[in-house]
Amino acid sequence: VKCNLSTTIYLCNSRRSLNQHGLKSCEQSLSNFESSLGAMETNSRRYKLRKKLIESPEFQNLMKLIETVKDKGGRHPKLAKLLQIISAHFEGKQDTRVIVFTQFRLSAGEIQEYLDQDPRIKGNIFIGQANAKKAQKGFTQKQQQEVIQKFKKGEFNTLIATCVGEEGLDIGEVDLIICFDTTSPIRMTQRMGRTGRKRAGRIVVLLTEGEEVKKYKRTQDRSKVLMNHLKNTDSKIFQTARFQYFSFNPRMLPDEVNPEPRCVDLQKLRKAKENIRKRMLGLGSDDEDEDNAIFRGDSSKKRKAKKDKAESSEKKKPKRRTKKKQEEE
């Protein structure tokens, strides 16, 4: 039963990829299903079941059909609709940005390739740092920062992002968000929060007729029901869950501890730590007071004031007369 269930889940995911993203994602999912045999023990039940399924005429015909449709230029209808929406958005507009969200890197690459048909659309992908086995190689942190900076400056006007772009992006000029697929209510809310920062924005969700539309409606209904229950304190679910709002929250830190937010130069902090480590090993290092102040988190003004105070006190100190000088006097 366990073997049958895992195989069924894999095939259902492939079907969902075909329904939401198209042939390339489905083909990739089925190819991963085929290659998964190499990591299994040949005597296991799961191996025998998957091998039997992969070698079946139905599975082979399915892979041939996908290849044939791909060669004829078959694509998901969402791509044509996506191009139509973005092209209409850039009609007569210049200082505007668009973000397209999709779950998979392969889908992001396909979207970028398709949008290149319109010269007004200057797109670039934005993906995570992890390196998948057969999918596109991940971005480094430096590459991610470069992409965001170029997007902010307007070097390209359309960002095709995976889940890594759903939170943490502060780009005020995004006027259009397009969700190429549907996901959980929380992630959908995060996606929608990327627009409407500085001015009114627009959100479009692309759904395939049938299963995906039904799933989207169910998630939206659940989200609305939960929000209504949370707002209504007299509801049964609210009383059953024993939710309580507290007007007073006790302080977590002791009264004598008052943290202050400070901007810290990470390069200077690393250098100070390294200098302190060298001194502990007896290797010696300059600016001991400065390093300690940086390590403690003292601000630059505070460090400068301490340094000036130390220098002025040095000047005020009377010079000690040596014994020889005292005898001469």
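Everything numeric here is computed off the predicted structure, so don't read it as measured data.

**Student:** Would you mind showing me how to read the packing of aromatic side chains here?
**Tutor:** For any pair of aromatic rings, geometry is given as the distance between the ring centres together with the angle between the planes. Summed over the entire model, instances satisfying the criterion amount to three aromatic pairs. Each ring, one from F151 and one from F156, has its centre 5.8 Å from the other, and the planes form 25°; the classification is stacked. Cluster of aromatic residues (ring-pair linked, three or more members): Y10, F33 and F59. The ring centre of F180 lies 5.3 Å from the NZ or CZ of K78, which sits over that ring.

**Student:** How do you make sense of the pattern of salt bridges when you look at a structure like this?
**Tutor:** A side chain with one charge may pair with a side chain of the opposite charge, provided their charged atoms come close. Overall, the coordinates contain 13 salt bridges when judged by the stated rule. The salt bridge partner of R97 is D95, with a shortest N-O separation of 3.5 Å. Given the relative accessible area of 53%, D95 is considered exposed. Across the salt bridge formed by R187 and E166, the nearest N and O atoms sit 3.0 Å from each other. Residue R187 is located in helix α8 (residues 185-192), and its partner E166 is located in the loop between β3 (158-161) and β4 (174-179); the two are separated by 21 residues in the primary sequence. In this structure R187 comes out as partly exposed when scored by relative accessible area, which is 23%. Beyond isolated ion pairs, a larger network of salt bridges with shared partners links K24, R75, E110 and E113.

**Student:** Sorry, what's going on with the nonpolar core here?
**Tutor:** A general feature of soluble globular proteins is that nonpolar side chains tend to end up buried together. Grouped together as the largest cluster of nonpolar side chains are 36 residues, with contacts concentrated most on L82, I86, V100 and I178. Mapped by element, the contributors of at least two residues to this core are α5 (77-89), β1 (97-101), α6 (105-115), β2 (123-126), α7 (141-153), β3 and β4. Apart from residues lying up to four places away in sequence, L82 is in contact with V100, I111, L115, I178, F180 and L206. Among the nonpolar cores identified, the runner-up in size contains eleven residues, and L23, L30, M40 and F59 belong to it.

**Student:** Where do I start with helix α3 (residues 45-54) in this structure?
**Tutor:** Of all the positions in α3, only Y47, R50 and I54 are classed as buried. All buried residues of α3 project into a common sector of 75° when viewed along the axis, lining one side. Across from the buried face of α3, at angles greater than 90 degrees, the exposed residues are R45, K48 and K52.

**Student:** It is not clear to me how the environment of L115 should be interpreted in this structure. Could you clarify?
**Tutor:** Mapping L115 onto the fold places it in helix α6. The sequence separation of L115 and L79 amounts to 36 residues, and the corresponding C-alpha distance is 8.3 Å. For L115, the residues in contact, after removing those within four places along its chain, are L82, L83, I86, I121, T158 and I160.

**Student:** Would you mind showing me how to read the sheet that holds β1 here?
**Tutor:** Within a sheet, adjacent strands bond to each other through the backbone by hydrogen bonds, running parallel or antiparallel. Strands sit in the order β2-β3-β1-β4-β5 across an open sheet of five strands; the sheet is parallel. Only two strands of the sheet have a single partner each, and these edge strands are β2 and β5 (202-205). With direction set aside, neighbouring strand axes in the sheet form an average angle of 20°. Across four bridges, the pairing between β2 and β3 is parallel. Paired with G123 across the two strands is T158, which belongs to β3.

**Student:** I keep staring at the pairing of β5 and nothing clicks. Help me out?
**Tutor:** Along a regular strand, successive side chains alternate from one face of the sheet to the other. Two strands pair when backbone bridges link them, and β4 and β5 are joined in this way by four bridges, in the parallel orientation. Across the sheet, I177 pairs through a bridge with I203, a residue of β5.

**Student:** For this particular structure, what's the right way to read the environment of Y216?
**Tutor:** Secondary-structure assignment places Y216 in helix α9 (residues 211-231). Residue classification places Y216 among the buried positions, given a relative accessible area of 18%. Spatially, the C-alpha atom of Y216 lies 9.0 Å from that of P185, the residues being 31 residues apart in sequence. Sequence-distant contacts of Y216, that is, excluding residues within four places in its chain, are made with T182, M188, V205 and L207.

**Student:** Would you take a moment to explain the pairing of β3 for this structure?
**Tutor:** Of the two faces of β3, the one lined by T158 and I160 and the one lined by L159 and A161 are each fully buried. Direction of pairing for β1 relative to β3: parallel, over a ladder of four bridges. Bridge pairing links V98 to T158 in β3.

About the thresholds
Sequence positions are assigned chain by chain, starting from 1 and proceeding in written order. With the structure being a predicted model, the display of local features is reserved for residues of pLDDT at least 70 and the display and counting of side-chain atom pairs for 80 or more, all residues being used for whole-chain, interface and lining totals. Only hydrogens and water are set aside when side-chain values are computed; all heavy atoms of the structure are taken into account. Between rings of Phe, Tyr and Trp, where Trp is taken as its six-membered ring, a pair exists when centres lie within 6.5 Å; planes separated by under 30 degrees are stacked, by over 60 edge-to-face, and by other angles tilted. For a ring to carry a charge above it, either NZ of a lysine or CZ of an arginine must fall within 6 Å of the ring centroid while also lying within 35 degrees of the normal to the ring plane. What counts as a salt bridge is simple: a side-chain nitrogen of Lys or Arg found within 4 Å of a carboxyl oxygen of Asp or Glu. Burial status follows relative accessibility: with a 1.4 Å probe on protein chains alone, a residue under 20% of its type maximum counts as buried, one over 50% as exposed, and anything between as partly exposed. Helix and strand definitions here come from DSSP, where helices need a minimum of 4 consecutive H or I residues and strands a minimum of 2 consecutive E residues; each element is numbered from the N-terminal end. Put simply, buried Ala, Val, Leu, Ile, Met, Phe, Trp, Tyr and Cys residues joined by side-chain atoms within 4.5 Å make one nonpolar core. For this analysis, residues touch if any pair of their heavy atoms sits within 4.5 Å. By definition, the arc is the one covered by directions from the helix axis to the C-beta atoms. Should DSSP find at least two bridges between two strands, the strands are regarded as paired. Whenever a helix is involved, its axis is fitted only over the stretch in contact; in every case the axis is a line through C-alpha atoms, and angles between N-to-C directions fall within 0 to 180 degrees.

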